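# Summary of structural features
Now for the letters of each chain:
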Amino acid sequence: MGSVRKASAWLGLVDDSDDERYYDDDYAEGPEPGDSWVTDPRVRVADQAAQDQGTRIATVTPDGFRDARGIGELFREGVPVIVNLTTMEPADAKRVVDFAAGLTFGLRGSIERVANRVFLLTPADYQIVSGEANRSIGGFFNQS
């Protein structure tokens, strides 16, 4: 419904009972159960194999902020996500990081910077173990 028609209906100049013609019931229902939002068919095959094994880690290299939806859907399923922002513009990369921070906060997960413009999002039931704490100062491989 156009803005002029909405204003006319609000003022009572036209009947707004024909709004139903703009809605399609199939569109309003959403995707079928089991469908996932994947743009690359190779990712779908790898995703199905990982689901059979019960463990998955997703890597996402978004082109723009519109790809943040895929990051959110994977994270909501309980999948750790590695987000590589090295190919994005700085302004869009900041928006994705803000989105990821809100996503992890809302779902009680955590976000950690792995490298420059690369982040790891982990759900609440995962623990990140840093390999740096296990290094010994005077170990065998220390040649300094």
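Figured I'd write up the structure that's included with this text.

### With respect to the overall build of the protein
Each helix and strand counted, the protein has five helices and four strands in total. Listing the helices and strands of the protein from first to last along the sequence gives α-α-α-β-α-β-α-β-β. Here the contacts in the protein between residues at least 6 apart in sequence split such that 46% fall between residues at least 24 apart.

### Some details on the layout of surface pockets
Estimated volume of the second largest pocket: approximately 160 Å³. Around the second largest pocket, the lining residues are Pro80, Glu112, Val114, Leu120, Thr122, Tyr126, Gln127, Ile128, Val129 and Ser130. The set of elements that each furnish at least two residues to the lining of the second largest pocket consists of strand S3 (110-115) and strand S4 (118-122). Tallied by class, the residues present in the lining of the second largest pocket amount to six nonpolar, three polar and one charged.

### Considering the sheet that holds S4
One open sheet accounts for four strands, arranged S1-S2-S4-S3; its pairing is mixed. If you trace the sheet from one side to the other, it starts and ends with strand S1 (58-60) and S3, each paired once. Pairs of neighbouring strands in the sheet enclose a mean axial angle of 20°, with direction left out of account. With five bridges joining them, S3 and S4 adopt antiparallel strand pairing.

### Examining helix H5 (residues 90-106)
With 17 residues, H5 ought to run about 24 Å at 1.5 Å a step, and its terminal C-alpha atoms sit 24 Å apart, in line with that. Within H5, burial applies to Ala93, Val96, Ala100, Leu103 and Thr104. Buried positions in H5, seen along its axis, are confined to an arc of 90° and lie on one side of it. Relative to its buried face, H5 has exposed residues pointing more than 90 degrees away, namely Ala91, Lys94, Phe105 and Gly106. Against helix H4 (68-76), strand S2 (81-84), S3 and S4 lie the buried residues of H5. Count one or two residues on from H5 and you reach arginine 108, which has phi positive near 60°.

### As for H4
Regarding H4, the residues found buried are Ala68, Gly70, Ile71, Gly72, Glu73 and Phe75. Where the residues of H4 are buried, they touch S1, S2, H5 and S4. Of the residues flanking the end of H4, it is glycine 78, one or two places downstream, whose phi is positive at about 90°.

### Some words on the nonpolar core
With 15 residues, the main nonpolar core has Ile71, Val81, Val83, Leu85, Val96 and Leu121 as its most contacted residues. Elements with a contribution of two residues or more to this core: S1, H4, S2, H5 and S4. The biggest single contributor to this core is H5, with four residues. What valine 83 contacts, discounting residues up to four positions off in sequence, is Val60, Pro62, Ile71, Val96, Arg117, Val118, Phe119 and Leu121.

### Remarks on the environment of asparagine 84
Here asparagine 84 shows up in strand S2. When its relative accessible area of 24% is taken as the criterion, asparagine 84 is described as partly exposed. Sequence spacing of asparagine 84 and alanine 115 is 31 residues, and the spatial spacing of their C-alpha atoms is 9.0 Å. Those residues in contact with asparagine 84, other than ones at most four positions away along the chain, are Val60, Thr61, Pro62, Arg117 and Val118. Within the local environment of asparagine 84, its side chain forms a polar contact with the side chain of threonine 86, the two groups lying 2.8 Å apart.

What counts as what
Residues numbered from 1 in each chain as written. Predicted model: local features only at pLDDT ≥ 70, side-chain atom pairs only at ≥ 80, totals over all residues. Heavy atoms only, no water. Helix = DSSP H or I, 4+ residues; strand = E, 2+ residues; numbered from the N terminus. Contact = heavy atoms within 4.5 Å. 1 Å grid on protein atoms, 1.4 Å probe; cavity = no way out; pocket = protein on both sides within 12 Å on 5 of 7 lines; lining within 4 Å. Points joined across faces, edges and corners; volume = space filled by probe spheres on them. Nonpolar A, V, L, I, M, F, W, Y, C, P; charged D, E, K, R; others polar. Pairing = 2+ DSSP bridges. Axes fitted to C-alpha atoms, helices over the stretch in contact; angles between N-to-C directions. Expected span 1.5 Å × (residues − 1). Buried < 20%, exposed > 50% of the residue type's maximum accessible area, 1.4 Å probe, protein only. Arc of directions from axis to C-beta. Core = buried A, V, L, I, M, F, W, Y, C linked by side-chain atoms within 4.5 Å. Polar contact = N/O pair within 3.5 Å; in protein donor to acceptor, adjacent residues only side chain to side chain.

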